Amino acid sequence: MSATAATADATLLCLSGVTKTYRMGEATVPALREVSLAIQPGEFTALMGSSGSGKSTILNICGLVDRPDCGTVELDGKDTGTLDEQALTLVRRENIGFIFQGFNLVPVMTTFENVEYPLFLSGVPAGERRQRVSEMLTKVGLADLERRRPDELSGGQRQRVAIARALVKMPKLIIADEPTANLDSATSNQIVGVMHELGRMIGTTFLIATHDPRLTVLCDRVITMNDGVLQ
Amino acid sequence: MKWLIFAGKNILRNRRRSLITVLITAVGTAGILISGGFALFTYESLQEMAARDSGHLIVAHKNFFTSDEDTPMQYGLDNAAEMRKRLEQDSGVRMALPRVQFSGLLSNGDKSSVFVGMGVDPAGEFYTKGPALTVASGTTLSAAPKADAPAEIMLGTELARQMKAVPGTLLTLLSTTTNGSLNALDVTVCGTVSTGVPDVDKRLVYVNIATAQHLLVTDRVSTLSVYLKDTGQTDVMRTQVAAQFPLQTVQTWRDQAYYYEAVRSLYNRIFGLLGIVIVVMVGFAISNTLTMAVVERTREIGTLRALGTLPQQIVGVFVLEGMILGGAGSLCGMLTALSTTFIFLFADFQMPPPPGRSVGYPLQINFSPSLYLLTTLVLVLLSVTAAWFVSRKMAAKPIVEALTHV
């Protein structure tokens, strides 16, 4: 089943016939059933669905942190199924950013260091790193807090750091898994605004799993999942 | 550098745990260095004692060490004076001392006792013996005895006690001559000595070499003991002297130092086992610390992997953490061992007498740069290996599993 015709040409991300099954003890649980999906560059896509509908699984596969049992995943026209773990890691490093529900910041790193980390991994020179990180922290409104560690920040501030970390390398795709789920209403509004504004500014493609209607109204497309199938 | 800073920050996450690991490593390192230093001091002391006793090289008749003599001095050296002169011409030789080994009975008129005697050149002999021989009473043998005076004798303290002899006491030496007949000689006790080994002191007799030769009716000597300027040159000089005197046999002090070899062998086993136990203990401590760190940081590892960190980079951070923990522990241990070495150097701590000896010896710890370097290398390598071992599986864990770890 497919909600959108899978067309690899001019698409950033193309899933064709992706199936994923998990084994839970003796039982086999299908998480995705022949899912096909095409996401265009710069698109803001929301993925909705009840718990266990397969949202996280599809995010993992789109983010190249998991592999499908069958079907293909193409990023920028390249089939990622042929890549080994090392190559996939390098593709993620250069092309994909992640925003997690639980922020997933490195607790021993300062705000600055957390945001700097992806640039460091990519081998960006120190001077350029400093400049880009400072700019990004200014954009998310945390310029004054760059020396603070995550445990010295509020939930909203942490998520801003996570957004800055995801965007600082200007990836082609950002995978966001319920980015506002752990935040209060006011903070959620700010985070949604920041994500949308910066995403548009940089031209990054967003694939967001969410239940938050404030997010979905800003998205170009809303896809609903049910029992491992795109509606 | 970034990775090193990251590793350092990770270590400081759980300061108490890291501190305990560093302390365990430090105690282990200090334990190895102190016990190893003590063993080295013991080896060095025993080596010096053995070399002082026998000489670095012992030149003797080719059958001297392998066959029993039919008559005294059968396998003695002729022309010892000439050989001595040739040996002492070598710049590596400090001195060559002739010795006559003999045995017999010592009598005070009322009772007799068996003795094991040594005819020596007093000028060199008591100089080379140094602290290995303690003069308990009287004086050592005269280097140039008067022709009309009775021959001098030095007795072991225990033998002197048995014979009720003090300096000035007249005794009689009775021994078998080289032709098999008995000969007796009156001697005057000039002093008593102690080797620190009661069994030796019960039988020990020193006389001038001329006295011994007169008693045995010979001009031969049993051996020539060669004292070198550098103990490290023993093997080289042995080859050289053996080539110089092809008809004789040459042994080194090590060939004669049965006690040294036995103690060394025993200590090597004891301290080797102790070292292994300490290394295993430190290995477990570091593994435990890093295993806990790896498990606690599973989710973070998943995040870092998702962001594009390679598994080997994750392992690399843990290896650096292991290296820092092991290095810091080793450094603290080295400082502790060094401080202990200095304290023992200036404080007069005495060890009790070893079995078979009557005097104790100072407790000192040698400083050996190679031991320090080797210990540090082993412990750091162990820490690095433990870190690699505990982190490699987690770094290769599927990212999704790591991210959902609770």
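Caption draft 1: Structural context of the overall build of chain B. In terms of helices and strands, chain B carries 14 helices and 12 strands. Overall, chain B is about 100 × 45 × 30 Å in size when its C-alpha atoms are taken along their principal axes. Counting across all 406 residues of chain B, residues that qualify as buried make up 48%. When contacts within chain B are restricted to residue pairs at least 6 apart in sequence, those whose partners lie at least 24 apart make up 78%.

Caption draft 2: Inspection of the interface of chain B and chain A at higher detail. Contacts between the two partners involve 21 residues from chain B, matched on the other side by 24 residues from chain A. Interface of chain B and chain A: buried area, both sides summed, is about 2100 Å²; carbon and sulfur atoms make up 61% of it. On the surface where chain B and chain A come into contact, there are 3 salt bridges. Here Glu116(A) ties to Lys2(B) by a salt bridge, and the two come within 2.6 Å at their closest N and O atoms. There are 10 residue pairs in polar contact (both at pLDDT 80 or more) connecting chain B and chain A. Elements supplying a minimum of two residues to the side of chain B that touches chain A: helix H1 (2-11), helix H11 (298-306), helix H12 (311-346) and helix H14 (399-403) of chain B. In terms of residue count, H11(B) provides more of the side of chain B that touches chain A than any other element does, 6 residues in total. Its residues assigned to classes, the side of chain B that touches chain A shows 9 nonpolar, 6 polar and 6 charged.

Caption draft 3: Seen up close, the sheet that holds strand E9 (residues 221-226) of chain A. Residues and elements named next belong to chain A. On the basis of which strands lie adjacent, the open sheet formed by 6 strands has the order E6-E7-E8-E3-E9-E10 and mixed pairing. The outermost strands of the open sheet, each flanked by one partner alone, are strand E6 (96-99) and strand E10 (229-230). When E6 meets strand E7 (residues 173-177), the two strands line up parallel, connected through 4 bridges. Looking at the pairing, isoleucine 96 lines up with leucine 173 of E7. Here helix H2 (residues 85-95) sits on the sheet in contact with E6 and E7, set at roughly 75 degrees to E6.

Caption draft 4: Spatial organisation of the nonpolar core. Ranked by size, the top nonpolar core spans 39 residues in total, and within it Leu106(B), Ile153(B) and Leu155(B) carry the most contacts. With 5 residues, strand E2 (residues 93-107) of chain B is the largest single contributor of residues to this core. Of all hydrophobic cores here, the second largest spans 35 residues; its members include Phe103(A), Val133(A), Ile174(A) and Val192(A).

Caption draft 5: How the structure looks around the pairing of E2(B). Residue and element names in this part refer to chain B. Burial runs high along E2: 11 of the 15 residues are buried. Strand direction decides the pairing type here: E2 and strand E3 (residues 112-120), joined by 9 bridges, are antiparallel. Among the inter-strand pairings, leucine 106 is bridged to a residue of E3, identified as serine 113. Pairing geometry for E2 and strand E6 (residues 170-176), over 4 bridges, is antiparallel. Across the sheet, residue serine 107 finds its bridge partner in E6, namely threonine 172.

Caption draft 6: Spotlight on the confidence of the model for chain A. Residue and element names in this part refer to chain A. This prediction gives chain A a mean pLDDT of 86; 96% of its residues lie at or above 70. Least confident of the elements in chain A is helix H6 (residues 185-202), whose mean pLDDT is 78; most confident is helix H3 (residues 111-121), at 95. Note that pLDDT drops below 50 for residues 1-8; the model gives that stretch 24 contacts with residues more than four away or on any other chain.

Caption draft 7: Fine view of the domain arrangement of chain B. Residue and element names in this part refer to chain B. Segmenting chain B into domains produces domain 1 (2-49 + 260-403) and domain 2 (63-246). In this structure, domain 1 and domain 2 have C-alpha centres spaced 51 Å apart. Buried area between domain 1 and domain 2, summed over both chains or domains, comes out near 460 Å², and the portion from carbon and sulfur atoms is 57%. Where domain 1 packs against domain 2, one counts 0 salt bridges. Across the contact surface, domain 1 and domain 2 share 0 residue pairs in polar contact (both at pLDDT 80 or more). Considering only residue class, the side of domain 1 that touches domain 2 consists of 2 nonpolar, 3 polar and 1 charged.

Caption draft 8: Quick peek at the sheet that holds strand E1 (residues 13-24) of chain A. Residue and element names in this part refer to chain A. With antiparallel pairing, 4 strands are arranged side by side in an open sheet as E2-E1-E4-E5. Only two strands of the sheet have a single partner each, and these edge strands are strand E2 (27-39) and strand E5 (78-79). Strands in contact with helix H1 (residues 55-62) are E1, E2 and strand E4 (70-75); relative to E1, the strand with the most contacts, it is inclined by about 125 degrees.

Caption draft 9: Layout of the packing of aromatic side chains. In this structure the tally under the stated criterion is 15 aromatic pairs over all chains. Relative to Trp3(B), the ring of Tyr117(A) has its centre 6.2 Å away and its plane inclined at 85 degrees; by these criteria the two rings are edge-to-face. With Tyr117(A) in helix H3 and Trp3(B) in helix H1, this pair bridges two chains. Assessed through its relative accessible area of 22%, Trp3(B) is described here as partly exposed. Within the aromatic cluster, the residues linked to one another by ring pairs are Phe38(B), Tyr43(B), Tyr267(B) and Phe271(B). Taking NZ or CZ as reference, Arg264(B) lies 4.6 Å from the ring centre of Tyr43(B), over its face. The ring of Trp388(B) carries Arg392(B) above its face, with NZ or CZ at 5.2 Å from the centroid.

Caption draft 10: View of the pattern of salt bridges. Residue and element names in this part refer to chain A. Going through the model one piece at a time under the given rule, you end up with 25 salt bridges over all chains. Aspartate 69 is paired through a salt bridge with lysine 20; the nearest N and O atoms lie 3.9 Å apart. Here lysine 20 lies in strand E1 and aspartate 69 lies in the loop between H1 and E4, a separation of 49 residues in the sequence. A single salt-bridge network, built from bridges that share partners, covers Lys20, Asp66 and Asp69.

The rules behind these values
Position numbers for residues count from 1 along each chain, tracking the sequence in the order it is written. Here every chain gets a letter starting at A, and every ligand a number starting at 1, in the order they are written. In keeping with the predicted nature of the model, local features appear solely for residues at pLDDT of at least 70, side-chain atom pairs appear and are counted solely at 80 or more, and the whole-chain, interface and lining totals rest on all residues. In computing side-chain properties, one takes all heavy atoms of the structure into account and sets aside hydrogens as well as water. For the purposes of this entry, the term helix denotes a DSSP run of H or I that reaches at least four residues, the term strand denotes a run of E that reaches at least two, and both are numbered from the N terminus. Working definition: with a 1.4 Å probe on protein chains only, accessible area under 20% of the residue-type maximum means buried, over 50% means exposed, and in between means partly exposed. Between two residues, a contact is recorded if the distance between any of their heavy atoms is within 4.5 Å. Buried area: the accessible surface (1.4 Å probe) lost by two parts on joining, summed over both. The term salt bridge refers to a side-chain nitrogen of Lys or Arg lying within 4 Å of a carboxyl oxygen of Asp or Glu. We call two N or O atoms a polar contact when they sit within 3.5 Å, provided that within protein one can donate a hydrogen and the other can accept it, with sequence-adjacent residues counted only if both atoms are side-chain atoms. Gly counts as polar in this scheme, as do all residues outside two lists: the nonpolar Ala, Val, Leu, Ile, Met, Phe, Trp, Tyr, Cys and Pro, and the charged Asp, Glu, Lys and Arg. Two strands pair under a simple rule: DSSP has to find at least two bridges between them. To get an axis, fit a line to the C-alpha atoms, keeping to the stretch in contact for a helix; angles then go from 0 to 180 degrees between the N-to-C directions. Joining through side-chain atoms within 4.5 Å is the link that ties buried Ala, Val, Leu, Ile, Met, Phe, Trp, Tyr and Cys residues into a set, and such a set is a nonpolar core. Per residue, pLDDT captures the predictor's confidence, and it can take any value from 0 to 100. A domain assignment, automatic or from a database, supplies the domain bounds used here. Note on aromatic contacts: the rings of Phe and Tyr and the six-membered ring of Trp form a pair at centre separations within 6.5 Å, being stacked when their planes are under 30 degrees apart, edge-to-face when over 60 apart, and tilted otherwise. A positively charged side chain is recorded as over a ring if its NZ (Lys) or CZ (Arg) lies within 6 Å of the ring centre. The angle to the ring normal must also be within 35 degrees.

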